[in-house]
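# A closer look at the structure
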Amino acid sequence: MAAPGLLRAAASSCRRILLAAPAGAGRPNAGPRRLLHVSPRPSSEDKVTVHFVNRDGDKLTAQGKVGDSLLDVVVDNNLDIDGFGACEGTLACSTCHLIFEDQMYEKLDAITDEEMDMLDLAYGLTDRSRLGCQIFLKKNMNQMTVRVPEAVADARQSLDMSKNP
Amino acid sequence: MSCSAGIVGCRRGPSLRFLLPKGSVAGIKRLLVSAEVIPRICIVGSGPAGFYTAQHLLKHHKQAQVDIFEKLPIPFGLVRFGVAPDHPEVKNVINAFTQTARSDRCIYSGNVTVGKDVTIKELQKAYHAVVLSYGAEDSRRLGIPGEDLAGVYSARAFVGWYNGLPENRDLKPDLSSETAVVLGHGNVALDVARILLSPLEILRKSDITEDSLTALARSKVKRVCLIGRRGPLQVAFTIKELREMINLPNARPFLNPADFKGLGDAIKDVPRPRKRLTELMVKTALEDPGEAMASRWASVSREWSLKFLRSPLEVLPMADGRQARAIRLAVTRLEGTGEAAKAVPTGEVEEMLCGLVLSSIGYKSLPIDPAVPFDAKQGVIPNDLGRVLGATGLYCSGWVKRGPTGVIITTMNDSFDTAQSVLEDLQSGALDVSGAKGGFDLVRSILQSRGICPVSFSDWEKIDAAEVARGKLSGKPREKITDPREMLELIGR
Ligand SMILES: Cc1cc2nc3c(=O)[nH]c(=O)nc-3n(C[C@H](O)[C@H](O)[C@H](O)COP(=O)(O)OP(=O)(O)OC[C@H]3O[C@@H](n4cnc5c(N)ncnc54)[C@H](O)[C@@H]3O)c2cc1C
Ligand SMILES: NC(=O)c1ccc[n+]([C@@H]2O[C@H](COP(=O)([O-])OP(=O)(O)OC[C@H]3O[C@@H](n4cnc5c(N)ncnc54)[C@H](OP(=O)(O)O)[C@@H]3O)[C@@H](O)[C@H]2O)c1
Ligand code: FES
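Residues numbered from 1 in each chain as written. Chains lettered and ligands numbered in written order. Predicted model: local features only at pLDDT ≥ 70, side-chain atom pairs only at ≥ 80, totals over all residues. Heavy atoms only, no water.

- Under the annotation held in an unreviewed UniProt entry, chain B carries the name NADPH:adrenodoxin oxidoreductase, mitochondrial and is attributed to Anolis carolinensis.
- Per UniProt, chain B carries the Pathway (unreviewed entry) text "Steroid metabolism; cholesterol metabolism."
- Taken verbatim from the UniProt record of chain B, the Catalytic activity (unreviewed entry) comment is "2 reduced [adrenodoxin] + NADP(+) + H(+) = 2 oxidized [adrenodoxin] + NADPH". (UniProt positions renumbered as here; feature names shortened; annotations may be inferred.)

- Per an unreviewed UniProt entry, chain A goes by Adrenal ferredoxin and derives from Anolis carolinensis.
- Taken from UniProt, the Sequence similarities (unreviewed entry) comment for chain A reads in full: "Belongs to the adrenodoxin/putidaredoxin family."

Structural data, given as structure tokens:
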């Protein structure tokens with residue numbers, strides 16, 4: 001039996017752009033494309049701002065619409081979180097693992113067995129962990145902060161040689 | 001100074017950028033541009049390890065050229081040839097891999113067997129660094145009499161067969177036995193059991209090969225018994241896959257209540273994943289399944305079961321001496337507790353009739369080339385954070401680095417780690433990139449001289465399109481081409 005979240009995620013995955021692709025990868029116009037949203041531009045009231053604390057401690061701030069999943073937010077805003085969303089929101093990878101603040105965690109919709117099963121494979125599991133592809137934005141989430149868990153097996157600083165000054 | 005881009009572009013830590021007076025970064029950069037050498041890195045193997053290593057390197061190094069060599073004409077390793085056909089969502093990672101392969105700093109070449117068509121030494125002449133990500137190509141052997149009888153298969157071969165791996169396309173497993181035994185309690189064991197028991201209408205919509213579908217349609221297998229040498233607290237499969245088995249529409253689970261009574265105490269303090277997994281088994285074994293489930297289970301003719309504390313001793317032949325008839329098992333008991341508990345034989349022996357035995361006790365990596373150190377006992381390339389021990393310029397990632405366990409996310413993390421080591425070595429100068437290297441052009445000419453024609457990524461995309469088109473005809477996501485000659489013909493070779 002598929003969880004409601006799973007169905008929804010599967011349905012939306014066709015419009016998902018490719019994730020975690022290397023900078024500069026991809027030829028123009030090659031490969032699956034994300035379809036444009038056909039809905040009218042949402043008013044600013046429907047916008048929810050989310051802060052992500054990335055693995056290296058960097059803070060990324062982005063906006064999404066009510067009803068978007070946190071995976072949508074990461075993809076739509078091209079947030080640079082390594083390896084995030086490998087299965088494209090189909091509850092098959094746990095790379096979208098995020099850690100919530102206490103109060104917010106309490107307010108999230110109940111977790112399904114299917115999400116919990118996948119979450120059990122996540123790295124750095126905490127008791128405030130959820131899978132980002134299963135969390136859908138609500139107004140009360142505005143300005144919330146979520147943390148990307150440390151995934152690299154050793155605690156080395158990750159090096160980035162991609163950014164020239 | 002060995003790597004210009006690295007030093008100038010270092011983002012974290014006490015970046016040089018902040019230590020230098022204003023203006024000097026640009027100065028250094030200008031100075032280095034003339035002498036700039038592009039780090040050339042090649043990766044051996046195009047499974048998740050190869051692609052995630054490449055992805056990380058390309059993303060975090062602006063200049064590096066990262067080429068991938070793959071033995072098969074087609075990419076993606078176990079994502080194509082391991083992951084079960086009824087788990088298409090897992091294969092979504094192929095989209096990200098495709099993006100990597102299309103990078104203009106990445107050349108993918110299939111149909112090149114490293115160690116045979118081109119040696120590691122030759123690759124090292126062409127590249128500053130070589131990353132070995134060639135996975136685990138063999139399976140662990142049981143090492144018991146009767147292992148080679150007809151009717152005994154490695155899970156690897158069986159999986160390869162239903163997934164269209166060229167070397168296993170002609171396996172023709174004999175599915176005429178009503179009872180199948182699967183040895184091992186890992187996720188591959190569950191995959192194999194599920195494929196044997198799943199309704200055809202589900203498989204028919206997957207990318208399972210047509211030949212396998214035909215054979216499964218004629219299969220007589222009704223009971224699948226999964227045998228583990230240790231207990232319920234030591235199973236290696238994960239909860240999602242177990243739940244899927246329990247929810248199979250046309251097969252019922254049989255878990256012996258005696259195996260699960262009294263486990264409650266033992267799992268009080270174990271980490272959540274093991275706890276929930278055990279609770280699901282306990283619930284299935286001991287609790288009333290509810291009316292709907294009970295009536296479904298009563299109406300189906302297929303069954304699967306978990307058997308514990310049994311270690312395989314011998315596969316016994318029929319009178320003809322060729323065909324498997326039964327399996328002899330040593331009853332074991334556990335010494336120690338938890339994950340580290342050991343199975344020791346009690347001396348008691350049992351026999352179980354079965355004409356089909358699938359050995360799912362793990363995959364195994366093989367050495368690739370005499371130039372690469374290999375730990376034959378552990379079945380891995382000895383390494384420190386992905387740096388091959390005693391071999392500067394050689395790295396490894398994935399199953400050949402860690403051993404044949406771990407899901408894609410595990411492989412992803414460890415590949416990022418290895419890529420990180422490469423980046424560090426580029427930055428520190430441990431990896432010497434002062435001399436220009438011939439890269440792919442050099443390898444191509446070596447291959448050409450040996451009559452080897454690499455299959456490019458755009459060639460693969462033609463094969464891919466042909467497979468998808470064939471699949472459409474029968475309502476499948478794709479019909480895999482399993483004959484390498486046919487693949488090569490398709491791209492005009
Ligand atoms: C049956 C099965 C099902 C699985 N299902 C799942 C699942 O549902 N979800 C999940 O998360 N994980 C799953 N896994 C685990 C996952 O597949 C592994 O974690 C991952 O594939 C390991 O990646 P790798 O790149 O190290 O090895 P591989 O995927 O095996 O890739 C190695 C590549 O190297 C190539 N190669 C080998 N020798 C050479 C050579 N000499 N020269 C050039 N190339 C070479 C191979 O052809 C292959 O393409 C499954 C594993 C198996 C065995
Ligand atoms: N859906 C998925 O996510 C999925 C699907 C398939 C595979 N995978 C992953 O791929 C990896 C490989 O899977 P796998 O099933 O091949 O390996 P595995 O998880 O290591 O399981 C191997 C099983 O074989 C047993 N075994 C080993 N040697 C034995 C021997 N000599 N005699 C009897 N039993 C023996 C092990 O028992 P002991 O514990 O006693 O050694 C264990 O139960 C795993 O990490 C798995 O999770 C994931
Ligand atoms: S994106 Fe894979 S589980 Fe959420």
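### Section: the overall build of chain B
- When helices and strands are counted, chain B shows 21 helices and 19 strands.
- For 493 residues, the compact-globule formula gives about 23 Å, and the C-alpha radius of gyration of chain B, at 25 Å, lands near that figure.
- Taken along the three principal axes of its C-alpha coordinates, chain B extends 80 × 55 × 45 Å.
- When contacts within chain B are restricted to residue pairs at least 6 apart in sequence, long-range pairs at least 24 apart make up 74% of them.
- Counting every atom, chain B has about 20,400 Å² of accessible surface; 54% of that belongs to carbon and sulfur. (Helix = DSSP H or I, 4+ residues; strand = E, 2+ residues; numbered from the N terminus. Rg over C-alpha atoms; globule rule 2.2 N^0.38 Å. Contact = heavy atoms within 4.5 Å. Areas by Shrake-Rupley, 256 points an atom, 1.4 Å probe, with all protein chains shown as cover.)

### As for the UniProt feature "domain: FAD/NAD(P)-binding" (unreviewed entry) in chain B
- When the UniProt feature table is mapped to this numbering, "domain: FAD/NAD(P)-binding" (unreviewed entry) covers residues 40-196 of chain B.
- Between the end C-alpha atoms of residues 40-196 of chain B there is a gap of 46 Å, over a span that is 32% helix and 17% strand.

### Side note on the site of ligand 2
Residue and element names in this part refer to chain B.
- As a matter of local geometry, ligand 2 sits amid 19 residues, with N187, R229, R230, E241 and G406 nearest to it.
- Within the side chain of E241, a nitrogen or oxygen atom sits 2.8 Å from a nitrogen atom of ligand 2.
- Taken by itself ligand 2 offers 920 Å² of open surface, and the protein chains cover 81% of this.
- When residues of the shell around ligand 2 are assigned to their parent elements, the largest contribution, three residues, is made by helix α9 (residues 187-197).
- Within the shell around ligand 2, the residues separate by chemical class into six nonpolar, eight polar and five charged.
- No fewer than three residues from each of domain 1 (40-137 + 365-455) and domain 2 (139-362) sit in the shell around ligand 2. (Near = heavy atom within 4 Å. Polar contact = N/O pair within 3.5 Å; in protein donor to acceptor, adjacent residues only side chain to side chain. Nonpolar A, V, L, I, M, F, W, Y, C, P; charged D, E, K, R; others polar. Domains from an automatic or database assignment.)

### Some remarks on the UniProt feature "binding site: FAD" (unreviewed entry) in chain B
Residue and element names in this part refer to chain B.
- In the numbering used here, UniProt assigns the feature "binding site: FAD" (unreviewed entry) to A49, E70, L78, V114, W399, G406, V407 and I408. An extended arrangement is adopted by the annotated residues: their sequence extent is 360 residues, and the largest C-alpha distance between any two is 24.8 Å.
- Structurally, A49 can be placed in helix α4 (residues 48-60).
- Looking at A49, the relative accessible area reads 7%, which means it is buried.
- In this structure A49 touches S133, S397, G398, T411 and S415, once residues within four positions along its chain are discounted. (Buried < 20%, exposed > 50% of the residue type's maximum accessible area, 1.4 Å probe, protein only.)

### Focus on the pairing of strand β10 (residues 302-307) of chain B
Residues and elements named next belong to chain B.
- By the bridge criterion, five bridges tie strand β8 (residues 223-227) to β10 in an arrangement that is parallel. Looking at β10, one finds that L226 is bridged to L306.
- For strand β9 (residues 251-254) and β10, the ladder comprises four bridges, and the chain directions are parallel. Bridge assignment links A251 to a residue of β10, and that residue is R302. (Pairing = 2+ DSSP bridges.)

### Comments concerning the environment of V380(B)
Residue and element names in this part refer to chain B.
- Mapping V380 onto the fold places it in the loop between β15 (363-364) and β16 (383-384).
- For V380, a relative accessible area of 12% translates into the label buried.
- Taking the C-alpha atoms as reference, V380 lies 24 Å from F97; in sequence the two are 283 residues apart.
- For V380, the residues in contact, after removing those within four places along its chain, are F374, D375, W399, V400, K401, R402 and G403.

### Some remarks on the sheet that holds strand β7 (residues 179-183) of chain B
Residues and elements named next belong to chain B.
- Strand order across the open sheet formed by six strands is β6-β14-β7-β8-β10-β9, with parallel pairing between neighbours. Two strands in the sheet have a free side with no partner beyond their single neighbour: β6 (152-154) and β9. For this sheet, the mean inter-axis angle between neighbouring strands, taken without regard to orientation, is 20°.
- Docked against the sheet, α9 engages β7, β8, β9, β10 and β14 (356-359), running at close to 175° with respect to β8. (Axes fitted to C-alpha atoms, helices over the stretch in contact; angles between N-to-C directions.)

### Points about the site of ligand 1
All names here are of chain B.
- The environment of ligand 1 is made up of 33 residues, and the closest members are E70, W399, G406, I408 and T411.
- One nitrogen or oxygen atom from the main chain of A49 is found 2.9 Å from an oxygen atom belonging to ligand 1.
- Burial of ligand 1 by the protein amounts to 92% of the accessible area it has alone, namely 1,000 Å².
- Mapped by element, the contributors of at least two residues to the shell around ligand 1 are α4, α9 and α18 (408-428).
- Here the shell around ligand 1 is composed, by residue class, of 18 nonpolar, 11 polar and four charged.
- When we break the shell around ligand 1 down by domain, the ones giving at least three residues each are domain 1 (40-137 + 365-455) and domain 2 (139-362).

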